[in-house]
Amino acid sequence: PAVEYVKPLEQLDLSEKELKEELTKVLRADNPAAPHNIVRFSNKDKVYRLEASVDQTISHYALEGTLLHLKSDEAMKQKDMQDEAKDQLAKDAEKRKAEGNDDDEDARGLRNQFNFTERNSQTLNGAIKEKDTMTEPPPSVEYAAQATQWEIFDDYMADQERKRELAEKTAK
């Protein structure tokens, strides 16, 4: 059988030199898309704080469960238990047939097991009552200010000057 290759219309036409060029891709342990400067508001201190660590984990798919190899001891034990349960159910069914009171049990088995309530258990439930609680909000002060680029620079320079003077005092 002849194999026929079909080239997609949007595929690039590369020269021999471009085809032979080696491209290196590196897998990294960190997430390059993760932000490096997460800032959160601290209600305790009433200021914004820079987060020290950034979560680098990305979960594309997660499924919790247990995986057993078919030939492992645990899988064999589980299969034996299931087989014993099936055998016990079959023996019970045969026993009921032999006794002759099989009709009532079959009718009960046909009911919808997910939406079934017996007649004597159907009672009226009281109306749901809402419970709400409220607390006094913590005392806070509203503050608003504007900062221009030159004010920030002037404060930065004053802070650097204070640090320099402090360093000179501790050096003496």
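Residues numbered from 1 in each chain as written. Predicted model: local features only at pLDDT ≥ 70, side-chain atom pairs only at ≥ 80, totals over all residues. Heavy atoms only, no water.

(A) Main features of the overall build of the protein. Scanning the protein from terminus to terminus reveals four helices and two strands. For the protein, buried positions account for 3% of its 172 residues. In the protein, the proportion of contacts linking residues at least 24 apart, taken out of those at least 6 apart, comes to 12%. Total accessible area computed for the protein in this model is approximately 19000 Å², and 53% of it derives from carbon and sulfur atoms. (Helix = DSSP H or I, 4+ residues; strand = E, 2+ residues; numbered from the N terminus. Buried < 20%, exposed > 50% of the residue type's maximum accessible area, 1.4 Å probe, protein only. Contact = heavy atoms within 4.5 Å. Areas by Shrake-Rupley, 256 points an atom, 1.4 Å probe, with all protein chains shown as cover.)

(B) Quick peek at the side chain of Ser42. Relative to the helices and strands, Ser42 is located in strand S1 (residues 39-42). One polar contact links the side chain of Ser42 to the main-chain amide nitrogen of Asp45, over a distance of 3.2 Å. Not counting residues within four places of it along the chain, the set of residues in contact with Ser42 comprises Val47 and Arg49. (Polar contact = N/O pair within 3.5 Å; in protein donor to acceptor, adjacent residues only side chain to side chain.)

(C) Highlighting the confidence of the model for the protein. Per-residue confidence for the protein gives a mean pLDDT of 83; residues scoring 70 or more make up 84%. Averaged pLDDT values over the elements of the protein bottom out at 54 in helix H3 (residues 103-110) and peak at 94 in helix H4 (residues 149-171). (pLDDT = per-residue confidence, 0-100.)

(D) Local environment of the pairing of strand S2 (residues 47-50). Strand direction decides the pairing type here: S1 and S2, joined by four bridges, are antiparallel. If you follow Val39 over to S2, its bridge partner there is Leu50. The hairpin formed by S1 and S2 contains four residues between the paired strands, and Lys46 there has a positive phi angle of roughly 60°. (Pairing = 2+ DSSP bridges.)

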